[in-house]
There are 2 protein chains.
Amino acid sequence: MRIIVDAMGGDNAPQAPLAGALDAAKEYGVEVILVGRGEEILQALKDQGIDTLPKGVEIANADEVVDMHDDPASVIKKKKNSSMVIGLQMLKDGAGDAFVSAGSTGALLSAATLIVKRVKGIRRAAMGPMIPTKAGGNAVLIDCGATADATPEFLLQFAFMGSYYAKKMLGLSNPRVGLLNIGAEDSKGGELQKTVYPLLQKAGEAGYINFIGNVEAREVPLGGADVVVSDGFSGNVLLKGIEGTAMFMASMMKAMFKKNLLTKLAALVCKSGINDFKKKMDSRETGGTLLLGLTKPVIKAHGSSDAYAIKNAIRQAKAAAEADIAGDIAANIDKMMVPKELEHAE
Amino acid sequence: MRIIVDAMGGDNAPQAPLAGALDAAKEYGVEVILVGRGEEILQALKDQGIDTLPKGVEIANADEVVDMHDDPASVIKKKKNSSMVIGLQMLKDGAGDAFVSAGSTGALLSAATLIVKRVKGIRRAAMGPMIPTKAGGNAVLIDCGATADATPEFLLQFAFMGSYYAKKMLGLSNPRVGLLNIGAEDSKGGELQKTVYPLLQKAGEAGYINFIGNVEAREVPLGGADVVVSDGFSGNVLLKGIEGTAMFMASMMKAMFKKNLLTKLAALVCKSGINDFKKKMDSRETGGTLLLGLTKPVIKAHGSSDAYAIKNAIRQAKAAAEADIAGDIAANIDKMMVPKELEHAE
């Protein structure tokens, strides 16, 4: 298994991608190709006190770097020699089995769609992050911002893609697929939800997915569904709302423990519980977000990823490559049909 | 100041509305009219060990009750004699200054719009709940589900209404108005956000509102804006996502403190901090959500409201009546103009 890693993507490049790659190669037995400015990567290696790259880790040179100011849509034309574009090209050409980048989300999504391409029949690639839930599990939220405005056809396809993801990557035999909505009743929501609801219901009745109906945002962190289907705008709002609330509550908890000497002692007593808590809410544990609907696995790691997050993103990339979700999607694309009038015009 | 209270609305009626009304009358010096089944209310009074209604609290009889199964749109026709419809009619007729109900949200919104009516020129009433934020303050989220799909015109009006609300009810002289979006840059979001952004910017430049640009969901609990403008669908997702995350984290915190004898002792030590925490996240503290854009104040209290929540909703109703936000909206309606082609067709 060979994972291609964008060595120049993210706030901590190339140090974090390099260190994460070294750890992943050792821990997961994967080969890693670091794509980026060779000299900078080797310098970072020296800075870490290592003279030569270990076996299984190699460098593919790329002179340019995609940054946050690049227009996502024109990256593949204007930054042809960037680590992101070259890495995706290598993935397409079969030089590796999956690609990991902590670079610009928009650029990665756009370049991956143009280079790696969508599975035939899939209208939009989607971002499917995992959300920690109460029961100790995770839910897949699809989409969380790849496409702001969705059509019913997008949502139906997201439901299938999310279901395959949950089966293979979360190991659930019959994942519960819910439609993110603002009420439990069938008739709730805006035009989009009202139109897609019967399509999801039909797919459920046919046994293609396990559609459980609407799921309200409140139920998502409480484990109300394994797959949460949403347009990218609302999904992004939910994902970031959860993050912000977790940050807010963590800071209140900190204040609670810092009140006085006794509460500081209490914090020591609760240390293992606090650590469980932190681990549960730590996005670095997941590593990244899989872009679903592409022909090969592309993982978006968080821009602020450190070595630990990159290592986990590589673990996730390995799992995604083994899972071959693109294969599942391609084999079932004819089940994701919508009535002609609801088809998305390209 | 006279507050009309729906004595039959919510899961704990008539006990909670009655007890909340008695407390509010004593504590805030308001007169309260309890609308509902007189006998049931008097029985509830006896059950609380009180023989006669205190001065300032009276009953207006209404034989019917709106329940969760009633179709919201037809309540004013089919449940003419319900506590909700009669209470709203009394508000309209000037028998009181504000109306509080813990009954069905949809029915209240629909009946209030039809009876109390929107301020002339306002296209949609909006729900504006307060969200606790990190800095110790609150943010107004408008809309959170009164209307699922919004037009740019709705959002522009929500921005003004939310701003007046924050000025008068939160005491902010220049509330920061942000557009809920999935990125910080001007060009982010779906069609709706892209279209309304320049309109909000223009209103900001004219000095009508203090528009600070886009605000991501992550920043909302962290205090990134005082007024968060959103379509009802995404606003509802954000509000409930925050609630669900808070519930999830509270249950983890509980587990942390219940681990063993020492952690249970730690919980005792942290008691005051835990209470601050609980109070901050307790929706009963606010009492309810103001429906904005109507000619008179209508407060939706949570369906599960107890006496304490109802008491606070009555306090909020009093504040809303004193604030006369409807007056501000009416006086400034011509500032909320959108280009003709963006006007909402009724």
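Residues numbered from 1 in each chain as written. Chains lettered and ligands numbered in written order. Predicted model: local features only at pLDDT ≥ 70, side-chain atom pairs only at ≥ 80, totals over all residues. Heavy atoms only, no water.

Draft legend 1. Main features of the pairing of strand β8 (residues 176–181) of chain A. Residues and elements named next belong to chain A. Burial within β8 is extensive, with 5 of its 6 residues counted as buried. As defined by bridge partners, β8 adjoins strand β9 (residues 210–216) across 6 bridges and the pair is classed as parallel. Residue pairing in the sheet places V177 in a bridge with F211 of β9. Read as a crossover between parallel neighbours, the route from β8 over helix α7 (residues 191–205) to β9 is right-handed. Looking at chain direction, β8 and strand β10 (residues 227–229) are connected through 3 bridges and run parallel. From the neighbouring strand, V177 faces β10, where its bridge partner is V227. (Buried < 20%, exposed > 50% of the residue type's maximum accessible area, 1.4 Å probe, protein only. Helix = DSSP H or I, 4+ residues; strand = E, 2+ residues; numbered from the N terminus. Pairing = 2+ DSSP bridges. Right-handed = clockwise from strand over helix to strand, strands pointing away.)

Draft legend 2. A look at the sheet that holds strand β12 (residues 298–301) of chain B. All names here are of chain B. Here we have 7 strands laid out as an open sheet, ordered β3-β2-β1-β4-β12-β11-β5, and mixed in their pairing. The open sheet is flanked by β3 (57–61) and β5 (126–128), the only strands paired with a single partner. Taken pair by pair, the neighbouring strands of this sheet meet at an average axis angle of 25°, ignoring direction. As paired elements, strand β4 (residues 98–101) and β12 share 3 bridges and run parallel to each other. Paired with F99 across the two strands is V298, which belongs to β12. Most of the contacts of helix α1 (residues 15–28) go to strand β2 (residues 31–36), to which it runs at about 170°, and overall it touches β1 (2–6), β2 and β3. (Axes fitted to C-alpha atoms, helices over the stretch in contact; angles between N-to-C directions. Contact = heavy atoms within 4.5 Å.)

Draft legend 3. Quick peek at the packing of aromatic side chains. Applying the stated criterion across every chain yields a total of 9 aromatic pairs over all chains. Aromatic pair F160 of chain A and Y208 of chain A: ring centres 6.2 Å apart, planes at 45°, arrangement tilted. Pair noted here: F160 of chain A is in helix α6 (residues 152–169) and Y208 of chain A is in the loop between α7 and β9, with a separation of 48 residues, a long-range link. Here the aromatic rings of F154 of chain B and F158 of chain B are separated by 6.4 Å at their centres, their planes lie at 35°, and the arrangement is tilted. Taken together, the positions of F154 of chain B and F158 of chain B, both in helix α6 (residues 152–169) and 4 residues apart, correspond to about one turn of that helix. Residue F154 of chain B shares its accessibility class with F158 of chain B, and that shared class is buried. These aromatic residues form a ring-pair network of at least three members: F160, Y164 and Y208 of chain A. (Phe/Tyr/Trp six-rings, centres within 6.5 Å; stacked < 30°, edge-to-face > 60°.)

Draft legend 4. Broad picture of the confidence of the model for chain A. Summing up the model confidence of chain A, the mean pLDDT is 94 and the portion of residues at 70 or higher is 99%. Across the whole predicted complex the pTM is 0.94, and at the interface the ipTM reaches 0.93. (pLDDT = per-residue confidence, 0-100.)

Draft legend 5. Summary view of the relation of the copies chain A and chain B. Of the transformation superimposing chain A on chain B, the axial component is 0.0 Å and the angular component is 180°, with the fit at an RMSD of 0.0 Å. With respect to symmetry, the two chain copies, as superposed, fit the operation of a two-fold axis. Taking the C-alpha atom as reference, chain A places A266 of chain A closest to the rotation axis, 2.2 Å from it. When you check the interface residues of chain A against chain B, 98% turn up at the interface there too, and the contact is symmetric in its surfaces. (Least-squares fit on C-alpha atoms with pLDDT ≥ 70 in both.)

Draft legend 6. Focus on a positive patch on the surface. A grouping of K134 of chain A together with K254, K258, K264, K271 and K278 of chain B is seen on the molecular surface, where their side chains present a positively charged patch. Its place among the elements puts K258 of chain B in the loop between α8 (232–257) and α9 (261–269). (Patch = residues over 30% accessible without salt bridge, like charges linked within 9 Å, V, L, I, M, F, W, Y side chains within 5 Å. Areas by Shrake-Rupley, 256 points an atom, 1.4 Å probe, with all protein chains shown as cover. Salt bridge = Lys/Arg side-chain N within 4 Å of Asp/Glu carboxyl O. Lys, Arg positive; Asp, Glu negative; His and termini not counted. Charge placed at Lys NZ, Arg CZ, Asp CG, Glu CD.)

Draft legend 7. Just the packing of α1 of chain B against helix α11 (residues 307–323) of chain B, in detail. Residues and elements named next belong to chain B. α11 packs onto α1 with a crossing angle of 50° between their chain directions and a minimal axis gap of 7 Å. Here α11 runs oblique to α1, going by the angle between their axes. As α1 runs across α11, the sense of the crossing is right-handed. Side by side, α1 and α11 meet where A16, P17, A19, G20, A21, D23, A24, E27 and Y28 of the first sit next to A307, I310, K311, N312, I314, R315 and K318 of the second. The class makeup of the residues in the contact of α1 with α11 is 9 nonpolar, 2 polar and 5 charged. (Parallel < 35°, antiparallel > 145°, perpendicular 65-115°, else oblique. Left-handed = near helix turned anticlockwise from the far one by under 90°. Nonpolar A, V, L, I, M, F, W, Y, C, P; charged D, E, K, R; others polar.)

Draft legend 8. Highlighting the side chain of K311 of chain A. Tracing the backbone shows K311 of chain A in helix α11 (residues 307–323). Discounting residues that sit within four places of it in the chain, K311 of chain A has contacts with G20, D23, A24, E27 and Y28 of chain A.

Draft legend 9. Structural detail: the interface of chain A and chain B. At the junction of the two partners, chain A supplies 53 residues and chain B supplies 52 residues. In total, about 4600 Å² of surface goes out of reach between chain A and chain B, with carbon and sulfur atoms giving 76% of it. Remark: the boundary between chain A and chain B carries 6 salt bridges. Of the charged contacts in the structure, one is a salt bridge between K240 of chain A and E216 of chain B, with a shortest N-O distance of 2.4 Å. Taken together, the links from chain A to chain B amount to 12 residue pairs in polar contact (both at pLDDT 80 or more). Going through the elements one at a time, β8, α7, α8 (232–257), α9 (261–269) and α10 (271–281) of chain A are the ones with two or more residues in the side of chain A that touches chain B. Of the residues that constitute the side of chain A that touches chain B, the class distribution is 27 nonpolar, 15 polar and 11 charged. (Buried area = accessible area lost by both parts, 1.4 Å probe. Polar contact = N/O pair within 3.5 Å; in protein donor to acceptor, adjacent residues only side chain to side chain.)

Draft legend 10. Region of interest: the nonpolar core. In this structure, L88 and V298 of chain A together with L88 and V298 of chain B are the most contacted members of the largest nonpolar core, which totals 84 residues. Those elements that provide at least two residues to this core are β2 (31–36), α4 (83–93), α5 (105–115) and α8 of chain A together with β2, α4 (83–92), α5 (105–115) and α8 of chain B. The next biggest cluster of nonpolar side chains, apart from the first, holds 67 residues, and it includes L45, A98, V100 and L292 of chain B. (Core = buried A, V, L, I, M, F, W, Y, C linked by side-chain atoms within 4.5 Å.)

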